[in-house]
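Here is what each chain is made of, one letter per residue.
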Amino acid sequence: MNRPGECMCNMFVWCIFALIVTVPICTEASRIRHYRWNVKYEYKSPDCYEKLVITINGEFPGPTILAQEGDLIYVELTNLLPTENVAIHWHGIRQIGTPWSDGAEAITQCPILPGQTFVYKFTVDRPGTYLYHAHYGMQRSAGLYGSIHVAVGKRKQEPFSYDGELSVILNDWWHKSHQEQAHGLSTIPFIWVGEPESLLIGARGSYNCSLLKSISNAAGSGSICNSTNPQCSTPHILSVKPGKTYRLRITSVASLSSFNFLIEGHNMTVVEADGHYVEPFVVQDLNIYSGETYSVLIRADQDPSRNYWAALNVRGRQPKTPTGRAILNYIPNSATKFPPNIPPTGPLWNDSSYTLNQAKLYKAKAGYVDPPPLQSSRRIILLNTQNKIDGYTKWAINNISFVPPQTPYLIALKHNLSKSFDQIPAPENYLPYDILSPQKNQNTTYGNRIYKLQFNSTVDVILQNANMLANNASEIHPWHLHGHDFWVLAHGEGAFDPLKDTEKFNLKNPPLKNTVPLLRYGWTAIRFRADNPGAWQFHCHVEAHFFMGMGVVFSEGVERISRLPTSIMGCGESKRFFRH
Ligand code: C2O
Ligand code: CU
């Protein structure tokens, strides 16, 4: 029996293993942090409405992984969902040397079946704010997510200082189950998930229960919606001491919404984005997209005799959900004392130039700039369109709507299982197309082709937005790349013009990110080095869009991976490699 991914039970073996795969993941100071997680359903009422939520060891959101740069993380995950598979992705962790631990079902592993235990092992090689979440079906919407906070190594310092740290997870929330949502998206007539019932800050919201006729809860002991339930009766509390400075680690795990987050009367200084320091800038409110993480500094320098609202509002789609709220509590005021005003609603949801201008403020922090290569060897242009295929509503990239294969790409590529996915290269560009008119049927097909990248080459990707099926409609798509960070070279409006727009690229100090918004009717240009052997998903982080096919797959250097752990196998054509 040999399961390379599962034999690293001590530092010694891990170091030897690291040597074999020639990855510098072993540092003196690194520690192993071992977690045992049971994933199961529980009834929870985050916005007062009771529903089944996926919990980790009974917690929702899951426990925060607190680690230090260079630590090894072992997560031994047992799937106790009675009838559903699961997989967890470590969003923002590049998985250098451990591409099989990325947690992207159908890309890097077979799903974890009910009753099974799977061990994720990876290094958190850089300080910063990250997240984890389900990467199977639409389970992230069911609450399977949490934060990863990685502190700087010993004897190192952050380029800013603060007195305390506060964690803020932002989410949108539906009362319908993720299964029912997924069903609606895959049926005729199409049933859209609609706008969320609530916006959650720190897993707390407040649905107006009086909107519901009395339905009893699962236990039959009360109403399904109960505004006195302690899980929701008070908003999330952020407690601060007057005069002190706090680092807020803000994460959006939203299923659909783009957000604007603000705190009444308090400016925020943005210092970190997706695990990288940015040149600090001050905002009154922060636009944040699903899959993004930020650190902002706030100073508790306002009238200390009262509390203030932290408010969460939707951008880019006409808001139909009440403002999400949390309380910034000035100690020693009562934490639950509501601020006197109503929570602020932030900038107008459709003020596109406001959105674009804030996106353009990001630059890598001076002294920490990792400049991009000045040239790239390949430019891939990805047009996203909404389309109909045989009457089904789908999202497509260059006319292909992504459908994951039975056999995970990582295994198929490593073992040359060429029948497990379409070997024709995925299209590098789109056919002539008017991005401003409503979509016609563009002969869109289902597909699972990939982009094979030359190892160590520099690749540009231009994300191109367009009008949707309806008239005058285009929406924001936050794109996330697994296994890499990329430089955000530019955001622009309209159709990308290869001649003129490349001149707008910031090649001096572009920010490094793993998630970036593609704004309405606009384009976004990114650059990255294909230097991480593996198969990596690149997709829209809107849960429903990804489910409807809005994603692609890159691969590079798979031949350099010495051996895959058999624990990721067992499905599709990889059955034959699976041994117990
Ligand atoms: Cu956070 Cu593939 O996603
Ligand atoms: Cu999208």
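Whatever comes next refers back to the structure up there.
As a convention, each chain's residues are numbered from 1 in the sequence order in which they are written. Chains carry letters and ligands carry numbers; both start at the beginning, A for chains and 1 for ligands, and go up in the order they are written. Selection of residues for local features in this predicted model requires a pLDDT of at least 70, selection of side-chain atom pairs for listing and counting requires 80 or more, and totals for whole chains, interfaces and linings are taken over all residues. Computation of side-chain values: all heavy atoms of the structure, hydrogens and water removed.

**A few points about the overall build of the protein**
Numbering of helices and strands starts at the N terminus; helices are DSSP runs of H or I of at least 4 residues and strands are runs of E of at least 2. Tallying secondary structure elements over the protein gives five helices and 32 strands in all. Our radius of gyration looks at C-alpha atoms and nothing else; its globule reference is 2.2 Å times the residue count to the power 0.38. The C-alpha atoms of the protein give a radius of gyration of 23 Å, which matches the 25 Å a tight globule of 580 residues would have. Seen along its three principal axes, the alpha-carbon backbone of the protein occupies a region of about 65 × 60 × 55 Å. With 580 residues in all, the protein has 61% of them scored as buried. Whether two residues touch is decided by their heavy atoms; if any such pair falls within 4.5 Å, the residues are in contact. If you take every contact in the protein between residues at least 6 apart in sequence, the share linking residues at least 24 apart comes to 79%. In this tally, Asp and Glu contribute negative charge and Lys and Arg positive charge; neither His nor the terminal groups of the chain are included. Here the site of a charge means NZ on Lys, CZ on Arg, CG on Asp, or CD on Glu. Positive and negative charge centroids in the protein, built from 52 and 46 side chains respectively, lie 2 Å apart. Throughout this description, buried means an accessible area under 20% of the type-specific maximum (1.4 Å probe, protein chains only), exposed means over 50%, and partly exposed covers the range between.

**Side note on the layout of surface pockets**
Size it by volume and the second largest pocket reaches roughly 450 Å³. In this analysis the probe radius is 1.4 Å and the grid spacing 1 Å, with only protein atoms considered; a cavity is a set of points the probe fits into but cannot get out of, a pocket is an open set with protein on both sides within 12 Å along at least five of seven lines, and lining residues have an atom within 4 Å of a point. Taken together, 26 residues make up the lining of the second largest pocket; nearest its centre are Glu105, Gly137, Pro404, Phe546 and Phe547. Of all the secondary structure elements, the ones that give two or more residues to the lining of the second largest pocket are β7 (128-134), β22 (400-402), β31 (534-540) and α5 (543-547). Ten residue types, Ala, Val, Leu, Ile, Met, Phe, Trp, Tyr, Cys and Pro, are classed as nonpolar, four, Asp, Glu, Lys and Arg, as charged, and the remainder, Gly among them, as polar. Split into classes, the residues belonging to the lining of the second largest pocket amount to 13 nonpolar, nine polar and four charged. Here the lining of the second largest pocket gathers at least three residues from each of two domains, domain 1 (32-160) and domain 3 (378-577). Grid points are joined across faces, edges and corners, and a volume is the space filled by probe spheres set on the points. Source of the domain bounds: an automatic or database domain assignment.

**Topic: empty space enclosed by the protein**
Applying the stated criterion across every chain yields a total of six cavities of 30 Å³ or more. Considering the residues around the largest cavity, the lining is formed by 13 residues, among which Ile400, Ala426, Arg449, Gly551 and Val552 are closest to the centre. Elements with a minimum of two residues in the lining of the largest cavity: β22 and β32 (551-556). A breakdown of the residues in the lining of the largest cavity according to their chemical character gives eight nonpolar, four polar and one charged.

**A closer look at the pairing of strand β4 (residues 71-79)**
Of all nine residues in β4, eight are buried; the element is thus mostly enclosed. Bridging between strand β1 (residues 32-44) and β4 involves eight bridges; their strand directions are parallel. Bridge pairing in β4 links Arg36 to Glu76. Whether two strands pair comes down to DSSP finding at least two bridges between them. One ladder, built from eight bridges, connects β4 with strand β6 (residues 117-124); its direction is antiparallel. Paired with Glu76 across the two strands is Val119, which belongs to β6.

**Topic: the state of the cysteines**
To count as a disulfide, a pair of cysteine sulfur atoms needs to be within 2.5 Å. What the rule picks out here adds up to three disulfides. Through a disulfide, Cys48 is tied to Cys232; the S-S separation comes to 1.9 Å. Taking the sign of the S-S torsion, about 105° here, the bridge from Cys48 to Cys232 comes out right-handed. Of this pair, Cys48 sits in the loop between β1 and β2 (51-56) while Cys232 sits in the loop between β10 (198-201) and β11 (236-240), and the two are 184 residues apart along the sequence.

**Quick notes on the sheet that holds β31**
What the five strands build is an open sheet, ordered β24-β32-β31-β26-β29; its pairing is mixed. The sheet is open, and its two borders are formed by β24 (451-453) and β29 (515-518), each paired with just one other strand. Pairwise comparison of adjacent strand axes, ignoring direction, gives a mean angle of 20° for this sheet. Where β31 and β32 come together, six bridges link them in antiparallel fashion. Note that in β32 the partner of Gln537 across the bridge is Val553. Orientation is described by lines fitted to C-alpha atoms, with helices fitted over the stretch in contact, and by angles between N-to-C directions that extend from 0 to 180 degrees.

**Examining the pattern of salt bridges**
Salt bridges are identified by distance alone: a Lys or Arg side-chain nitrogen within 4 Å of an Asp or Glu carboxyl oxygen. Within the structure shown, the criterion is met by 22 salt bridges. One salt bridge connects Arg527 with Asp460, and the closest N-O pair in it is separated by 2.6 Å. Of the two residues, Arg527 is situated in strand β30 (residues 522-529) and Asp460 in strand β25 (residues 458-464); the sequence distance between them amounts to 67 residues. Assessed through its relative accessible area of 4%, Arg527 is described here as buried. On the accessibility criterion, Asp460 (1% relative accessible area) is buried. If you follow the salt bridges from partner to partner, you end up with Lys40, Glu42 and Lys44 in one network.

**Comments concerning the coordination of the copper ion (ligand 2)**
In this description, a donor is an N, O or S atom within 2.8 Å of the metal centre, a cutoff extended to 3.2 Å for sodium, potassium and calcium. Water is not part of the atom list, which can make sites seem incomplete. Looking at the copper ion (ligand 2), the protein donor atoms are His477 (ND1), Cys540 (SG) and His545 (ND1), and they sit 2.0 to 2.1 Å from it. Donor residues for the copper ion (ligand 2), ordered by position in the chain, follow H-x62-C-x4-H. Placement of the pair is His477 in strand β26 (residues 477-481) and Cys540 in strand β31, with a sequence separation of 63 residues. What makes His477 buried here is its relative accessible area of 0%. Here Cys540 falls in the buried class, since its relative accessible area comes to 0%.

**Concerning unusual backbone geometry**
Backbone phi values are negative for most residues with the exception of glycine, while trans is the configuration of most peptide bonds. Residues Phe60 and Pro61 are joined by a peptide bond in cis, for which omega reads -15°. Within the element layout of this structure, Pro61 appears in the loop between β2 and β3 (65-68). Backbone torsion omega between Ile188 and Pro189 reads -5°, so that peptide bond is classified as cis. Structurally, Pro189 can be placed in the loop between α2 (178-185) and β10.

**What about the sheet that holds strand β5 (residues 88-91)?**
Ordered in space as β3-β8-β7-β5, the four strands form an open sheet in which the pairing is mixed. The open sheet has two edge strands with one neighbour each: β3 and β5. Averaged over all pairs of adjacent strands, the angle between strand axes in this sheet comes to 20°, irrespective of strand direction. Note: β7 against strand β8 (residues 145-151), six bridges, orientation antiparallel. Bridged to Tyr130 within β8 is Ile148.

**Quick look at a nonpolar patch on the surface**
There is a patch of nonpolar side chains on the surface, built from Ile188, Tyr392, Val403 and Tyr446 and spanning about 340 Å² of accessible area. The topology assignment puts Tyr392 in strand β21 (residues 392-397). Within the patch definition used here, like charges are joined within 9 Å and nonpolar side chains (Val, Leu, Ile, Met, Phe, Trp, Tyr) within 5 Å, considering only residues with over 30% relative accessible area and no salt bridge. Exposure was quantified through the Shrake-Rupley algorithm and a 1.4 Å probe, taking into account, for residues, occlusion by the shown protein chains and nothing else.

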